[in-house]
Amino acid sequence: MTNTYPEKKNLYRLPYSMNDNPIGWIEATDICNIKCKGCYRLVMGEGHKPVQQIKDEILFLKKWRNCDNISLAGGEPILHPDIKEIVSFIVGLKMKVVILTNGLALNDKILKEMKEVGLLGFSFHIDITQTRPEFKKKKLHSELELNDMRLGYAKMLKKYNFYSHFGITVTPENLHEVPELIRWAKDNILLINGISLIIYRGLPVMPGVRYFAKGEEVEMEIGKLGYTVSQEEYEKINVRAQDVYAVIKKHFPDYEAMGYLGGTADHTSFKWLWGSLFVNTKGKTFGALGRKTLELAQAVYHFTHGTYLVYPNKRIGKTVFLMSIFDPLVRKAFWKFIKYCLINPLRFFYPMKSLGIGMVQAPDLLENGKIDMCDDCPDMCVFEGKLVNSCRLDECRIFGDLLTIQVEDEIAKKKRESLQESEMI
Ligand code: SF4
């Protein structure tokens, strides 16, 4: 890990808030056809949510969040028997819809139906920690071994011109593979809109860490929540968004982050860190969008549509160079592009697109027992008439409320030391 960290002053703090946030999150079902390490959702026998309840939650999110998009998640939302009706309902309310899926149940018939009802696209979660039937035949050692599978899904989507996005869990073990994953996305720029690097997190089950719900102490076990882990595992969790950023910058100096969301309890954290890299179909990178472009895009979109923007349904091409007037980063990319074309003018005609590259660093337990969440969390869902961070929904499902935590001094000290060590690497 290096010290090439982003500076908040160079980034646009996304304008999202509790009541004006472009994303609303729907948990359509708790049924899933596989298991993933670190999954926030437990299968608790609730099954598919009744379609009327889902519609009520969508209306609630539209009313209280002013959503531009609804993310349909679960469990595996494709398994919900009324998925077509749900998507159609959301589109009818003039919001976009993205389905978060592991892709296993996806087929041409479903894609065709989803296109007919106006779905924007899919965000796939595919990684080697999953219990996919295909993985039984062969032990996997690297995330890169799954790129062909990811590409297969991207090609399926291309046929219907869906938005295509991939989420990959980042751990200390696979951090070194991030550059190759980006290279893969870059080399398939016409098929892939973006990548989210979701940094693995957990809460420890260990002496000295006590959990409370509604003022009463509760017994915690490893796996009681999808993210309650052993002390040994917890002590290994030290990758942060800025570390992932540093690895990307080292291999793709043209990349730059443009927007962020900080933490609710730690002013130094980057909970969402988002950037966009210009790439042409020859795999050549030119630069990145800067904070000015993002700020202008959000302001104009809010002015014209009444909501903030997420998941743009048109891909940005060379027209983005018009933003050179306002945005120094785009200007830099423009001059690089001009020099590239002067060597061979035919290069001007190679298609160019932006590749979204983001990092999400889920909740962190701090030394004082506070949990550092994404400030103005975009992925909030509805639980019993209230907005809840979807990553912590299971605390509400099991204990009726979000947990509070007490951490003894000795544990806090150890965590501090482990973070300091990671900074020195
Ligand atoms: S706080 Fe919100 S955005 Fe952040 S990980 Fe949790 S659900 Fe996702």
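See above for the structure.
Everything numeric here is computed off the predicted structure, so don't read it as measured data. (Residues numbered from 1 in each chain as written. Predicted model: local features only at pLDDT ≥ 70, side-chain atom pairs only at ≥ 80, totals over all residues.)

Further remarks concern the overall build of the protein. Counting secondary structure elements, the protein contains 11 helices and 20 strands. Taking 425 residues into account, the globule formula puts the C-alpha radius of gyration at 22 Å, and the protein, at 21 Å, falls close to it. Considering only C-alpha atoms, the protein reaches an extent of 70 × 50 × 50 Å along its principal axes. Taken over 425 residues, the protein has a buried fraction of 46%. (Helix = DSSP H or I, 4+ residues; strand = E, 2+ residues; numbered from the N terminus. Rg over C-alpha atoms; globule rule 2.2 N^0.38 Å. Buried ≥ 20, exposed ≤ 12 C-beta atoms within 10 Å, placed from the backbone.)

This next bit is on the sheet that holds strand S20 (residues 404–407). Taken in spatial order, the 3 strands line up as S10-S9-S20 in an open sheet, and their pairing is antiparallel. Each of the sheet's edge strands pairs with one partner strand only, and the pair in question is strand S10 (216–218) and S20. Looking at each pair of strands side by side, their axes are set apart by 40° on average, direction ignored. Relative to S20, strand S9 (residues 209–213) runs antiparallel, the two being bridged by 4 bridges. In the strand pairing of S20, Tyr211 is matched with Ile405. (Pairing = 2+ DSSP bridges. Axes fitted to C-alpha atoms, helices over the stretch in contact; angles between N-to-C directions.)

Once that is clear, we can look at the site of the ligand. Every residue near the ligand is listed here: Lys271, Val360, Ala362, Pro363, Met373, Cys374, Cys377, Pro378, Asp379, Asn389, Ser390 and Cys391. Classifying every residue of the shell around the ligand gives 8 nonpolar, 2 polar and 2 charged. (Near = placed C-beta within 6 Å. Nonpolar A, V, L, I, M, F, W, Y, C, P; charged D, E, K, R; others polar.)

Next up on the list: the pairing of strand S12 (residues 257–261). Counting buried residues along S12, 5 of its 5 residues qualify, which places the element largely inside the surrounding structure. Here strand S1 (residues 12–13) runs beside S12; their pairing, made up of 2 bridges, is parallel. Note that in S12 the partner of Tyr12 across the bridge is Gly259.

For the rest of this paragraph, the subject is the nonpolar core. Within the largest apolar cluster, 111 residues are counted, with the highest numbers of intra-cluster contacts made by Val97, Ile199 and Val244. Other than its neighbours up to four places away in sequence, Val97 contacts Asn69, Ile70, Leu72, Val87, Ile90, Val91, Leu119 and Leu120. (Core = buried A, V, L, I, M, F, W, Y, C linked by C-beta atoms within 7 Å. Contact = placed C-beta atoms within 7 Å.)

On to the packing of helix H2 (residues 83–92) against helix H3 (residues 108–117), then. The contact between H2 and H3 brings their axes to 9 Å, and the two run at 25°. With respect to H3, the axis of H2 lies roughly parallel. Considering how the two elements wind past one another, H2 and H3 form a crossing that is right-handed. Facing Lys84, Val87, Ser88 and Val91 of H2, the residues of H3 in contact are Glu113, Met114 and Val117. (Parallel < 35°, antiparallel > 145°, perpendicular 65-115°, else oblique. Left-handed = near helix turned anticlockwise from the far one by under 90°.)

This part takes up the pairing of strand S15 (residues 352–361). Across the 10 residues that make up S15, a large majority, 10, are buried. In S15, alternate side chains face the same way, and those of Met352, Ser354, Gly356, Gly358 and Val360 on one face and Lys353, Leu355, Ile357, Met359 and Gln361 on the other are all buried. Sheet analysis places strand S7 (residues 194–199) next to S15, joined by 6 bridges and oriented parallel. Following the sheet pairing, Ile198 is matched in S15 by Val360. As defined by bridge partners, strand S13 (residues 272–280) adjoins S15 across 9 bridges and the pair is classed as antiparallel. Along S15, the bridge assignment pairs Gly275 with Ile357.

By themselves, these are just geometric observations and shouldn't be taken as functional.
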